[in-house]
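Letter by letter, the chains look like this.
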Amino acid sequence: MNLTQSLRFHASPYSAHRDKVCIIEEGRHVTFSQLNRRANQIANAVHGLGLKRGDAVGVLLYNCYEWIEIFHALARIGVAMVPINYRFVSREIEYIMRNSEAKALIYGSQFAEIIDQVRANFNDVPEDRLIRIGEKGPGREYESWLNQGSSEEVIVPVDETDVMYLGYTSGTTGFPKGIQFMNGSRLFHALVFSHELSLTGLDRILINMPYYHGNALFFTVITVYMGGQAVIMTKFDAENTLATIERYRTTATSMVPTQYERILNLAEDVKRKYDIRSMKKFICSSSPLFPQIRLSILDWVHEANLYEFYGSAEAGLVSVMRPEDHRKKPNSVGKTALLQQVRLLDDEKREVPIGEVGEIYSRGPMMFGGYFKMPEVTEESMHEGFFSAADMAYMDEDGYFYLTGRKKDMIISGGENVYPDEIEKVITLHPSVFEAAVVGVPDTEWGEVPKAFVVCRKGSKVAETEILEYCRARLAKYKCPKSVEFPESIPKSPMGKILRTKLREK
């Protein structure tokens, strides 16, 4: 079954959801039947470009409703969507279009200049396959193009192993890798997420993460699948998030830690100005919450439930931190998710005992279909059918997992393994600390030692000696930072992941 077939069911004349609004974007309201009609038009218009099942289409847009109708249109005819990060520069856009072998591009006119510069280097993308949303730029105008497509249902035999979505990594360690998401795995993705995060057709989910990131797109698709509603923000703004919750009475949202931090840092009178009592579920993903931030969120959303999940684009949902777990296990990322198998292995691929750190390997029906045109890299990431994102963790006797950091970020000091995440969690418990990052730096005696970068809370100040003493009282001596710097901010990716390479370069 194709994940997007649910839209056809909801749009059916016999469905109670046919005339229900499923997408809201800045006053624009789209019903299930309207979304289904436009998805058919786009699907037929894509066929009119000469594309067929197995081809791919690049999409370069800011957040907008069109993302959703394009996704449903392509998926129902077996054409893969290739989202492009709008922060990418020309060479990165060119690389993704060429590497993905995309045969068309749908883009916003805000990117007309950069597309005009690089389109000659795309493979097999003539100008009539450039589709533009907006007034200026090369190619066809979107609305006039899709209106050439019939609204009749498109019947294409799409298989569970067909690629629905080809998402590219951020490329912080080199050129991005294309992650293949298959139809079947995305269906399980929707079912597991809706079960574990208690999402139903009664939910109205707020989307304020960028759609080029799989998190935002799939939470919207899952909501449509369940018969719910999605409210789309063009871009994230902390206060406007609260205003949007109040205006549309949203019930759920998924955000990264950085977004939660920005909301928490709003002045108290600003936060009190908005009524957010409609919210039942706050979800956090993409990078782990520091304990202090987690507890601050719980204090702020005490009438709603907080869910946190650990996983990866490749493996899907691996573990879930449920609302009842946060205060009793504040450092954990939860227990194994539904239908997942998890193993913690040492360097010899042997399972480690409870309480010892190992590399996380997981297997389940949400698994990706491999890295596009990179079989060797895919094979390196697998072991006996289990995938590893090179994250390290240990499990306690109750079955809760605790991340200790990335394998490549591990510091070997005097022969001992030191994990930055463990040190960071300790430092951020200091009442004057807002956030922290730890990296290994060269040392003539120990090989390398931990160095901390600490950002203080507004109005607070703390000395290096105080942070060092705070760590010595809570960590083994070899784990303690040997020096501390106090930058104004810590470099992060758009999804809130610490860019340790930039700190090491510094």
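Details of the structure are given in the entry above.
Criteria and cut-off values
- Residues numbered from 1 in each chain as written.
- Predicted model: local features only at pLDDT ≥ 70, side-chain atom pairs only at ≥ 80, totals over all residues.
- Heavy atoms only, no water.
- Buried < 20%, exposed > 50% of the residue type's maximum accessible area, 1.4 Å probe, protein only.
- Helix = DSSP H or I, 4+ residues; strand = E, 2+ residues; numbered from the N terminus.
- Pairing = 2+ DSSP bridges.
- Right-handed = clockwise from strand over helix to strand, strands pointing away.
- Salt bridge = Lys/Arg side-chain N within 4 Å of Asp/Glu carboxyl O.
- Phe/Tyr/Trp six-rings, centres within 6.5 Å; stacked < 30°, edge-to-face > 60°.
- Lys NZ or Arg CZ within 6 Å of the ring centre and 35° of its normal.
- Axes fitted to C-alpha atoms, helices over the stretch in contact; angles between N-to-C directions.
- Contact = heavy atoms within 4.5 Å.
- Patch = residues over 30% accessible without salt bridge, like charges linked within 9 Å, V, L, I, M, F, W, Y side chains within 5 Å.
- Areas by Shrake-Rupley, 256 points an atom, 1.4 Å probe, with all protein chains shown as cover.
- Parallel < 35°, antiparallel > 145°, perpendicular 65-115°, else oblique.
- Nonpolar A, V, L, I, M, F, W, Y, C, P; charged D, E, K, R; others polar.
- Arc of directions from axis to C-beta.
- Polar contact = N/O pair within 3.5 Å; in protein donor to acceptor, adjacent residues only side chain to side chain.

## Some points on the pairing of strand β6 (residues 130-133)
Both faces of β6 are covered, namely the face carrying Leu 130 and Arg 132 and the face carrying Ile 131 and Ile 133. Relative to β6, strand β5 (residues 104-108) runs parallel, the two being bridged by four bridges. Residue pairing in the sheet places Leu 105 in a bridge with Leu 130 of β6. Handedness of the β-α-β unit built from β5, helix α5 (residues 112-118) and β6 comes out right-handed. Pairing geometry for β6 and strand β7 (residues 140-141), over two bridges, is parallel. Bridge pairing in β7 places Arg 132 opposite Glu 141.

## What about the pattern of salt bridges?
Taken as a whole and judged by the stated rule, the model has 40 salt bridges. The closest approach of N and O atoms between Arg 294 and Glu 308, which form a salt bridge, is 2.9 Å. On the criterion of sequence distance, the pair formed by Arg 294 in helix α12 (residues 291-300) and Glu 308 in strand β14 (residues 305-312) is long-range, its members being 14 residues apart. Residue classification places Arg 294 among the buried positions, given a relative accessible area of 1%. As a salt-bridge pair, Glu 359 and Lys 407 come within 3.1 Å of each other at their nearest N and O atoms. Taken as a pair, Glu 359 in strand β18 (residues 358-363) and Lys 407 in the loop between β22 (401-406) and β23 (411-413) lie far apart in primary sequence, 48 residues in all. One connected set of salt bridges, linked through shared partners, spans Lys 408, Asp 409, Glu 424, Arg 500 and Arg 504.

## Considering unusual backbone geometry
A positive phi angle, close to 55 degrees, is found at Ser 198, a residue other than glycine. Of note in the backbone geometry, Glu 384 takes a positive phi value of approximately 55 degrees without being a glycine.

## Things to note about the packing of aromatic side chains
Scanning the entire structure with this criterion turns up 17 aromatic pairs. Three or more aromatic residues link up through ring pairs in this structure, and these residues are Tyr 62, Tyr 86, Phe 111 and Tyr 212. Its end group placed over the ring of Tyr 371, Lys 177 keeps NZ or CZ at 5.2 Å from the ring centre. Across the ring face of Tyr 470, the terminal group of Arg 474 is positioned such that the distance to the ring centre comes to 3.6 Å.

## Considerations on the sheet that holds strand β26 (residues 447-456)
Taken in spatial order, the three strands line up as β25-β26-β27 in an open sheet, and their pairing is mixed. The sheet is open, and its two edges are formed by β25 (433-443) and β27 (483-485), each paired on a single side. Each strand axis lies, on average, 30 degrees off the axis of its neighbour in the sheet, ignoring direction. Packing against the sheet, helix α15 (residues 464-472) makes contact with β25 and β27, and its axis sits at approximately 130 degrees to β27.

## Some words on helix α14 (residues 420-427)
In terms of burial, α14 is largely enclosed, as seven of its eight residues are buried. Those residues of α14 not exposed but buried are Pro 420, Asp 421, Ile 423, Glu 424, Lys 425, Val 426 and Ile 427.

## Topic: the pairing of strand β12 (residues 252-255)
Two faces make up the sheet, and in a regular strand the side chains alternate between them. Burial along β12 is two-sided: the face carrying Ala 252 and Ser 254 and the face carrying Thr 253 and Met 255 are both buried. Taken together, the two bridges between strand β10 (residues 204-207) and β12 define a ladder with parallel strand orientation. Bridging from a neighbouring strand, Leu 206 pairs with Thr 253 of β12. As defined by bridge partners, β12 adjoins strand β13 (residues 281-284) across four bridges and the pair is classed as parallel.

## A few points about the sheet that holds strand β11 (residues 229-232)
Taking strand neighbours across the sheet as the criterion, the nine strands line up as β2-β1-β11-β10-β12-β13-β14-β15-β16 in an open arrangement whose pairing is mixed. A single partner strand is all that each edge strand has here, and the edge strands are β2 (28-31) and β16 (335-336). Lying on the sheet, helix α9 (residues 238-248) is in contact with β1 (21-25), β10 and β11; it crosses β10 at an angle near 155 degrees. With respect to the sheet, α12 is in contact with β13, β14 and β15 (316-321), its orientation differing from that of β14 by roughly 145 degrees.

## A word on a nonpolar patch on the surface
A cluster of nonpolar side chains, contributed by Phe 188, Leu 191, Leu 338 and Leu 339, occupies part of the molecular surface with about 320 Å² of accessible area. Within the element layout of this structure, Phe 188 appears in helix α7 (residues 183-196).

## As for the packing of α7 against helix α8 (residues 214-226)
In the contact formed by α7 and α8, the axes pass within 10 Å of each other and the chain directions differ by 80 degrees. Between α7 and α8, the angle is such that the two are roughly perpendicular. On α8, the residues touching Arg 186, Leu 187, His 189, Ala 190, Leu 191, Phe 193 and Ser 194 of α7 are Phe 218, Phe 219, Ile 222, Tyr 225 and Met 226. Its residues assigned to classes, the contact of α7 with α8 comprises nine nonpolar, two polar and one charged.

## A word on the environment of Glu 141
Position of Glu 141 among the secondary structure elements: in strand β7. Under the relative-accessibility criterion, Glu 141 is labelled partly exposed at 28%. Considering only alpha carbons, one finds Glu 141 and Leu 130, eleven residues apart in sequence, at a separation of 8.8 Å. Not counting residues within four places of it along the chain, the set of residues in contact with Glu 141 comprises Arg 132 and Gly 134.

## Examining α9
Along α9, the residues that are buried comprise Ala 238, Thr 241, Leu 242, Thr 244, Ile 245 and Tyr 248. Looking straight down α9, one finds that the buried residues subtend no more than 160 degrees of arc, so they occupy a single side. Of the surrounding secondary structure, the elements contacted by the buried residues of α9 are β1, β10, β11, α10 (257-264), α11 (268-272) and α12. For α9, the N-terminal capping position is held by Asp 237, with its side-chain oxygen 3.3 Å away from the main-chain nitrogen of Glu 239. One or two steps after α9, the chain reaches Arg 249, where phi turns positive at roughly 50 degrees.

## Side note on the packing of helix α3 (residues 66-75) against α8
Each pair of packed helices can be summarised by the angle the axes make with each other and by the distance between the axes. Direction vectors running N to C along α3 and α8 enclose 70 degrees, while the axes themselves pass 11 Å from each other. In terms of axis orientation, α3 runs roughly perpendicular to α8. Facing α3, whose interface residues are Ile 68, Phe 71 and His 72, α8 presents Leu 217, Phe 218, Thr 220, Val 221 and Val 224. A breakdown of the residues in the contact of α3 with α8 according to their chemical character gives six nonpolar, two polar and no charged.

## Some details on the side chain of Ser 100
You can see Ser 100 is positioned in the loop between α4 (90-99) and β5. Taking relative accessible area as the criterion, Ser 100 reaches 4% and is therefore assigned buried. A distance of 2.7 Å separates a polar atom in the side chain of Ser 100 from the backbone oxygen of Ile 96. Those residues in contact with Ser 100 that lie beyond four places of it in its chain are Ala 56, Val 82, Leu 166, Tyr 168 and Phe 372.

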